[in-house]
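Listed here are the chains, written in short residue letters.
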Amino acid sequence: MDPFTIPSAPTDVEVTSATSEVMTICWKRPTSDGGSRISGYIIEKREKQGVRWVRVNKKPVYDLRVKAPGLHEGCEYEFRVFAENVAGLSEPSLPCQLTMAEDPKFLPSPPTKPNIIDSSRTSITLSWNKPLFDGGSAVTGYKVEFRKSGEEDWTVGVHNTDTTEFTATGLTSGTEYVFNVSSINKIGISEPSPETDPEVAMEREEEPRFDVGTDIRKPLIVKVGGTFTLTVPFTGKPVPSVTWDKADIDLRIRGMINTSSSISSITVERATRDDSGKYIVRLQNVAGSASLTLNVRVLDSPGPPSNVAVKDVTNNSATVTWDIPENEGGAPVNNYLVDIRDISRKGWTRLTDKCRRLFYKLSDLEEGGIYFFRVTAENEYGIGVPAETKEGTKMIDTTDWETNPGA
């Protein structure tokens, strides 16, 4: 008869440490070794949703602990242990409690020192950055506290906010306050952050400024007849007044201006060459002022040539002169058209449609005749607006040519 029996099952199986990949399992020796020294232990694992037990160690272990590697993060596991002697394996131990394969979780660190970013007579707004260490578990919110400078008792502004900005309202005007912020994860609430610098509940004054990039300074190109909108974001406290200006045009009539507390825009419909040019936006409040110039170029034919005049008049010849239009439209002027009209006629006669210079010489005119002249500029977008001589020119051979203001 065999003098030995199998040992009793090990007891008190538990997981003493766990990560997302490895767990350490410990247990106690069987109360009975069956009359033969325990030669080793066999450990098995099973997932929460599993049916089959899987062996952890290929060879028996002799210590009262083992590491179980190769686990799947987020899965729950239970373990049981067998004792072995010369008579064989014991019955399995009772399984340990289910344990999640996850990295250890701790309280998060607090945010760094918060910053005061705004205030009014009855409110203060602060912001902060996320903590450097989340404790191994995602930060789910923040607790904000404040107190009056010189007092010790803290008031909770918000128990749990998921943003990194908070406005404390209902404060006493002219009173100084300090704030702190704590991080929250599923383990609990961190220590509070360093206190903010003291801040008085009062209206802030900030010079107005435009919140724009460098691209806005590039000319806006618009086709004739099109619609365009100029938009400028801005800041300032109190909210600044906004005005739009353009030389020789009342933009309140020509355009549609919309202004809020942080953005202003003007929309112009059916654009023409006269809408080309500089648009000046001005901001003004008690703290200061700012201005911004925006450029618009409408792709249109030219405006009228400037300073049309008649020179070098004889009894049968003259020279018509002019300057480049003040508004060349959407492209440089590349040609001029010159017309003539006898005082006795209503219709114009084309002298040339291909003049590249700023003057045109005429000959074979009738001595004593009175003539008017008209010049029109042309660019790649078309023929523009003509400019006429205001007074007729009489063909007489004199240094001082005469004019007929009644023509």
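Conventions and cut-offs
Residues numbered from 1 in each chain as written. Predicted model: local features only at pLDDT ≥ 70, side-chain atom pairs only at ≥ 80, totals over all residues. Heavy atoms only, no water. Pairing = 2+ DSSP bridges. Helix = DSSP H or I, 4+ residues; strand = E, 2+ residues; numbered from the N terminus. Axes fitted to C-alpha atoms, helices over the stretch in contact; angles between N-to-C directions. Buried < 20%, exposed > 50% of the residue type's maximum accessible area, 1.4 Å probe, protein only. Contact = heavy atoms within 4.5 Å. Polar contact = N/O pair within 3.5 Å; in protein donor to acceptor, adjacent residues only side chain to side chain.

An unreviewed UniProt entry annotates the protein as Titin of Dissostichus eleginoides.

J.: Can you help me understand the sheet that holds strand 1 (residues 11-18) in this one?
T.: Backbone hydrogen bonds hold the strands of a sheet together, and the pairing may be parallel or antiparallel. Strand order in the open sheet formed by three strands is 1-2-5, and the pairing between neighbours is antiparallel. Of all strands in the sheet, those bounded by a partner on one side alone are strand 1 and strand 5 (65-68). Sheet twist, expressed as the average angle between the axes of neighbouring strands with direction ignored, equals 25°. Where strand 1 lies against strand 2 (residues 23-28), five bridges are found, and the strand directions are antiparallel. Bridge assignment links Thr 11 to a residue of strand 2, and that residue is Lys 28.

J.: How should the environment of Thr 161 be read in this particular structure?
T.: Assignment of secondary structure puts Thr 161 in strand 12 (residues 155-161). A residue is classified by how much of its surface remains accessible, and Thr 161, at 13% relative accessible area, is buried. When the C-alpha atoms of Thr 161 and Lys 67 are compared, they prove to be 40 Å apart, with 94 residues separating the residues in sequence. In this structure Thr 161 touches Trp 128, Gly 141 and Tyr 142, once residues within four positions along its chain are discounted. A polar contact of 3.2 Å, which involves the side chain of Thr 161, links it to the side chain of Thr 163.

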